[in-house]
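Coordinates in review
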Amino acid sequence: MFDAAAVKRDFPILNQGGAPPLTFLDSAASSQKPQAVIDALVNYYTTINSNVHRGVYKLAVAADHAYDGTREHVARFINATSPDEIVFTRGTTEAINLVAATWGRTNLREGDLVVSTVMEHHSCFVPWQMIALEVGARIEAVRITESGELDQDHYRELLSQNPKVVAFTQVSNVLGTINPVKEMTAQAHAAGAVVCIDAAQSVPHMAVDVQDLDVDFLAFSAHKMLGPMGIGVLYGKRSVLESMPPYQGGGSMIRKVTLEKTTWADIPSRFEAGTPSVGDVVGLGAAIDYLQDLGYADIARHEHELAAAAIIRLSAIPGVTVYGPPADVARAGVVSFVVDGVHPHDVAALLDERGVAVRAGHHCAQPLMKALGVTATTRASFYVYNTIDDVDRLIEGVEYAQRVFA
Ligand code: C6P
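Procedures and definitions
- Residues numbered from 1 in each chain as written.
- Predicted model: local features only at pLDDT ≥ 70, side-chain atom pairs only at ≥ 80, totals over all residues.
- Heavy atoms only, no water.
- Helix = DSSP H or I, 4+ residues; strand = E, 2+ residues; numbered from the N terminus.
- Buried < 20%, exposed > 50% of the residue type's maximum accessible area, 1.4 Å probe, protein only.
- Contact = heavy atoms within 4.5 Å.
- Phe/Tyr/Trp six-rings, centres within 6.5 Å; stacked < 30°, edge-to-face > 60°.
- Domains from an automatic or database assignment.
- Buried area = accessible area lost by both parts, 1.4 Å probe.
- Polar contact = N/O pair within 3.5 Å; in protein donor to acceptor, adjacent residues only side chain to side chain.

Remarks on the environment of L22
Position of L22 relative to the elements: it lies in the loop between α1 (4-8) and β1 (23-24). By relative accessible area, which is 31% here, L22 ends up partly exposed. Residues L22 and G355, 333 residues apart in the sequence, show an inter-C-alpha distance of 4.9 Å. Not counting residues within four places of it along the chain, the set of residues in contact with L22 comprises K8, I13, L14, G355 and A357.

Here we look at the packing of aromatic side chains
With the rule as written, the count across this model stands at 7 aromatic pairs. Seen in terms of ring centroids, F11 and Y385 are 4.8 Å apart; in terms of plane orientation they differ by 70°. Their pairing is edge-to-face. Linking F11 in the loop between α1 and β1 with Y385 in the loop between β15 (377-381) and α14 (388-404), this pair joins segments that are 374 residues apart in sequence. F11 gets classed as buried once you look at its relative accessible area, which sits at 0%. Seen in terms of ring centroids, Y67 and F88 are 5.3 Å apart; in terms of plane orientation they differ by 50°. Their pairing is tilted. Of this pair, Y67 sits in helix α3 (residues 58-77) while F88 sits in strand β2 (residues 86-89), and the two are 21 residues apart along the sequence. Exposure remark for Y67: the relative accessible area of 1% places this residue in the buried category.

Description of the domain arrangement of the protein
As assigned here, the protein comprises domain 1 (4-30 + 295-404) and domain 2 (38-292). A C-alpha centroid distance of 28 Å is found between domain 1 and domain 2. Tallying the contact residues gives 35 residues for domain 1 and 32 residues for domain 2. Counting the surface lost from both domain 1 and domain 2, the interface buries some 2,700 Å², and carbon and sulfur atoms represent 60% of this. Joining domain 1 to domain 2, the criterion identifies 19 residue pairs in polar contact (both at pLDDT 80 or more). Secondary structure elements with two or more residues in the side of domain 1 that touches domain 2: α11 (296-315), β12 (334-339) and α13 (366-372).

This is the structure in structure tokens:
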């Protein structure tokens, strides 16, 4: 049995007391941090802080070990073939911008096709749109079905036009849809495309194996998986990363600099210009340990139980529309809904009066909002520290919002 109440005790921010107590249902935006991650950060700064890959003194060597050791840990975590395939970035957004700016600018030409989807977070669409506009490439978005899944017929139709790259999310941050990455990647490769996956909403909640998925790139952020803000990961297949020019120029990414010319360091240093956020990398390592101790199978089962309860109970309230796949299919713990006659921001504000923290708005997915025919939704997202009581508080809060606007 997954004991979410015990898990919650590990998160100081959720145990501050106060009235009403905090019901945190916005982990898809950013998760809370367990004491183990906070301790890892404090320990780093109190015992080994120094710059990496520069010093020969003991502190610097300890920081090197912590930084490069976490790179190995991340590689094992997502089953990369080598730590060299792990690039530390500021987050998912920077990772995808890196791919679009380097791989994209090198490989995309006028008239080429980029395939994305209408359910993307702007982070997995705008960087590709920017580079497409710059080089004169086309960008097409796979449509979604009534139940919030990707329209696979439309996907196959777009693949038949031989795109150069296919970029899409593993899990929708609005609908909770889990896309069939492995199958879609195999089809994209058969069509000759490189595949870039936005895993910001999947890695925190499910086991991800990059070799099994066979993706070329995969990006995620530490702050959505119990780790610190400002740090994330770009996985890239060795051969693809090696073919790419640097993203930014500066310290650490060079082999040799003369006044005439600069040559590049090997991967992954080539993509890590400047002083990295070493303490945050250490914190990411602690977050991975914490999630692995809980176990992904149990995490996924627990989140699905909460999301299913929320979907069923919200759908039963007259005037409430829930978006995304139904409760009984494999889906993530993200539940978006609209309450007739109450703006999503008002729903969120009234929930907040009762201590329930949710997100409202377009969720950085404006093309998806357009496809759904709404301008905004209210979104509750569940994670390891949420309990069924939190679902009760959400439902009571939505009913309260309806009474206020009756
Ligand atoms: N979504 C949400 O409330 P960053 O900001 O780089 O850590 O992650 C961006 C990002 C990329 N892809 C997906 C699928 C995401 O959900 C997010 C972040 C948050 O939904 C904040 S906008």
